[in-house]
Amino acid sequence: AEEAGVPPYNVLVGCGADELIDLLIRVVMEPGKDTLVDCPPTFGMYSFDAEVHGCGVHTLPRTPVDDDGTGLPSFAVDVDAVNALLDDASKNIKMVFLACPNNPDGAMLSDGDLLSVLAAARRNNAVVVLDEAYIEFAGIPTRAPWCLEHDNLCVLRTFSKRAGLAGMRVGYGIFPDNLAEFLWRCKQPYNVSVASETAAVAALSNPEYLEDVKQKLLSEKSRMYELLRDEPFASSLQPHSSAANFILCKVLSPMGGKAIKDQLMTEHGIMVRHYSTKLLDNYIRISVGTPQHTDRLLDGLRAVLSS
């Protein structure tokens, strides 16, 4: 709560942010009637949980915009389309999920765009959920304190990325008073294990270490990005600029992204994420690690792409 700049009452800890997404949908939405807005490509749990609970999903694909000078699209939220959908009372929209930075491309959401969606949501009694899973890498302050000023904004955070505790499942949300009351009533007791709680407290007690790791990751991301833009990789991969701790790459090589992923894993013991969807056709996403990890990745890519 101190780090987020809000009172403890407004913070709810969950078994990963995924549990809080599920809890929010159960508290806010009525199955079979209410719907939410999802803006892919993005984190898949928003639409997954809505469908599990029998709620509708309005899909508004992000707009490809070249905003980094590379000629590659940054997947920006179509704010006008989101607001128009919210203003259509027949859609029964109760929630809008947005991520900043977005997963899987690392795109950002400006203050102005967020405020615009919040205003449209308020006009229509809807809640905006801002997923800040990667915010520590973005170089901007969290919007968590905004929840004290906007009673229709929720902000989700996690220890999975910056603290490397993904397997421990510790997420938390910052909620306005009017929602916090009902979320506290519905939260299951003992939802975070003692081991996970201990790990999270240990991470919070050592902010200097977390900051040091973050700065090293950011430095290594810049190094990886520049190397991927150079030969022998530039003719096979096009990396996106990213405000997170990963780099999304469009695959240009005729061997395709899946073959690259499979060969990196089976022949070199390196795992990358492969995407082959309508919006992300033939992409891979690479997480940033140590300089040694980057060197090993590039060696593996050289071997795979030359095979």
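Keep in mind the model is a prediction, meaning the values are calculated, not measured.

Novice: What should I look at first to understand the overall build of the protein in this one?
Specialist: On a plain count of helices and strands, the protein comes out with 9 helices and 13 strands. Here the protein has a C-alpha radius of gyration of 20 Å; the compact-globule value for 307 residues is 19 Å, and the two agree. Overall size of the protein, expressed as C-alpha extent along the three principal axes, is 55 × 45 × 30 Å. The buried share of the protein, reckoned over its 307 residues, is 49%. Put simply, of all contacts in the protein between residues at least 6 apart along the chain, 67% involve residues at least 24 apart. Roughly 13900 Å² of accessible area belongs to the protein as shown, and the carbon and sulfur atoms make up 53% of that amount. Separation of charge centres in the protein, based on 27 positive and 40 negative side chains, amounts to 3 Å.

Novice: When you look at the sheet that holds strand β9 (residues 171-174) in this model, what are you seeing that I'm missing?
Specialist: What the 7 strands build is an open sheet, ordered β1-β9-β8-β7-β6-β2-β3; its pairing is mixed. Because the sheet does not close on itself, it has two edges, and the strands there are β1 (11-14) and β3 (56-59). For this sheet, the mean inter-axis angle between neighbouring strands, taken without regard to orientation, is 25 degrees. In this sheet, β9 lies alongside strand β8 (residues 153-158) in antiparallel orientation, the contact comprising 4 bridges. Of the residues in β9, the one forming a bridge with L156 is G173. Its contacts with the sheet put helix α3 (residues 79-86) on β2 (35-38), β3 and β6 (93-99), and the angle it makes with β6 is roughly 165 degrees.

Novice: It is not clear to me how helix α2 (residues 45-52) should be interpreted in this structure. Could you clarify?
Specialist: Note on helix geometry: an α-helix contains 3.6 residues per turn, so any two residues three or four positions apart are oriented the same way. Of all the residues in α2, the buried ones are Y46, S47, D49 and A50. Take α2 and look down its axis: the buried residues cluster within an arc of 165 degrees, on one side only. Every exposed residue of α2 that faces more than 90 degrees away from the buried side is listed here: E51 and V52. Of the surrounding elements, those touching the buried residues of α2 are α1 (16-28), β2, β3, β6 and β7 (127-131). Downstream of α2 by one or two residues, G54 has phi in the positive range, about 75 degrees.

Novice: How should I be thinking about the packing of aromatic side chains in this particular structure?
Specialist: Here a ring pair, both rings aromatic, is described through the centre-centre distance and the interplanar angle of the planes. One pass over the full model with this rule turns up 4 aromatic pairs. With a centroid separation of 5.0 Å and an interplanar angle of 90 degrees, the aromatic rings of Y134 and F246 are classed as edge-to-face. One end of the pair, Y134, is in the loop between β7 and β8; the other, F246, is in strand β11 (residues 246-251), with 112 residues separating them in the sequence. Judged by its relative accessible area of 1%, F246 is buried. Seen in terms of ring centroids, F159 and Y172 are 5.7 Å apart; in terms of plane orientation they differ by 50 degrees. Their pairing is tilted. Of this pair, F159 sits in the loop between β8 and β9 while Y172 sits in strand β9, and the two are 13 residues apart along the sequence. The burial state of F159 is the same as that of Y172; both residues are buried. An aromatic cluster is built from F43, Y46 and F97, whose rings are joined through pairwise contacts. Positioned above the aromatic ring of W146, the side-chain terminus of R143 is 5.6 Å from the ring centre. The aromatic ring of F159 is capped on one face by R162, whose charged end is 5.6 Å from the ring centroid.

Novice: How should the packing of α1 against helix α5 (residues 177-186) be read in this particular structure?
Specialist: Two quantities define a packed helix pair, namely the angle between the axes and the distance from one axis to the other. Running from N to C, α1 and α5 cross one another at 110 degrees; their axes reach a closest spacing of 10 Å. In terms of their interaxial angle, α1 and α5 are classed as roughly perpendicular. Packed against α1, whose contacting residues are L23, L24, V27 and V28, the element α5 presents L179, F182, L183 and C186 at the interface. In terms of residue class, the contact of α1 with α5 is made up of 8 nonpolar, no polar and no charged.

Novice: Help me understand the environment of G139, please; the structure alone is not making it clear to me.
Specialist: You can see G139 is positioned in the loop between β7 and β8. A sequence separation of 27 residues divides G139 from G112, and the C-alpha atoms of the two residues are 17 Å apart.

Novice: Could you clarify how one ought to interpret helix α6 (residues 194-204) in this entry?
Specialist: Where α6 is concerned, the buried positions are S196, A199, A200 and A203. Angular distribution of buried residues about the axis of α6 spans 95 degrees; they occupy a single face of the element. Relative to its buried face, α6 has exposed residues pointing more than 90 degrees away, namely V194 and V201. Contact partners of the buried residues in α6: α7 (207-228).

Procedures and definitions
- Throughout this description, residue numbers start from 1 for each chain and increase along the sequence as written.
- Local features in this predicted model are restricted to residues of pLDDT 70 or higher, and side-chain atom pairs are both shown and tallied only at a pLDDT of 80 or more, whereas totals for entire chains, interfaces and linings draw on every residue.
- As a rule here, side-chain values cover all heavy atoms of the structure and leave hydrogens and water aside.
- Helix numbering and strand numbering both begin at the N terminus, where a helix is a DSSP run of H or I of at least 4 residues and a strand a DSSP run of E of at least 2.
- It is over C-alpha atoms that the radius of gyration is taken, and the globule rule equals 2.2 Å times the number of residues to the power 0.38.
- Relative accessibility decides the category of a residue: with a 1.4 Å probe and only protein chains considered, values under 20% of the type maximum give buried, values over 50% give exposed, and everything between is partly exposed.
- The contact criterion used is simple: two residues touch if any of their non-hydrogen atoms lie within 4.5 Å.
- Each accessible area is a Shrake-Rupley result for a 1.4 Å probe, and residues are judged covered by the shown protein chains and nothing else.
- His is not counted, nor are the chain ends; Lys and Arg add positive charge and Asp and Glu add negative charge.
- The atom standing in for a charge is NZ when the residue is Lys, CZ when it is Arg, CG when it is Asp and CD when it is Glu.
- For two strands to be treated as a pair, DSSP must find no fewer than two bridges joining them.
- Lines fitted to C-alpha atoms define the axes here, with helix axes fitted over just the stretch in contact, and angles between the N-to-C directions of these axes take values from 0 to 180 degrees.
- Arc definition: directions from the helix axis to the C-beta atoms.
- Aromatic rings from Phe, Tyr and Trp, with only the six-membered ring used for Trp, were paired whenever their centres fell within 6.5 Å, and each pair was classed as stacked if the ring planes differed by under 30 degrees, edge-to-face if by over 60, and tilted otherwise.
- Only Lys NZ and Arg CZ are tested; either one counts as a charge over a ring when it is within 6 Å of the ring centre and within 35 degrees of the ring normal.
- Working definition: roughly parallel below 35 degrees, roughly antiparallel above 145 degrees, roughly perpendicular at 65 to 115 degrees, and oblique for all remaining angles.
- For this scheme, ten residues count as nonpolar: Ala, Val, Leu, Ile, Met, Phe, Trp, Tyr, Cys and Pro. Four count as charged, namely Asp, Glu, Lys and Arg, and the remainder, Gly too, count as polar.

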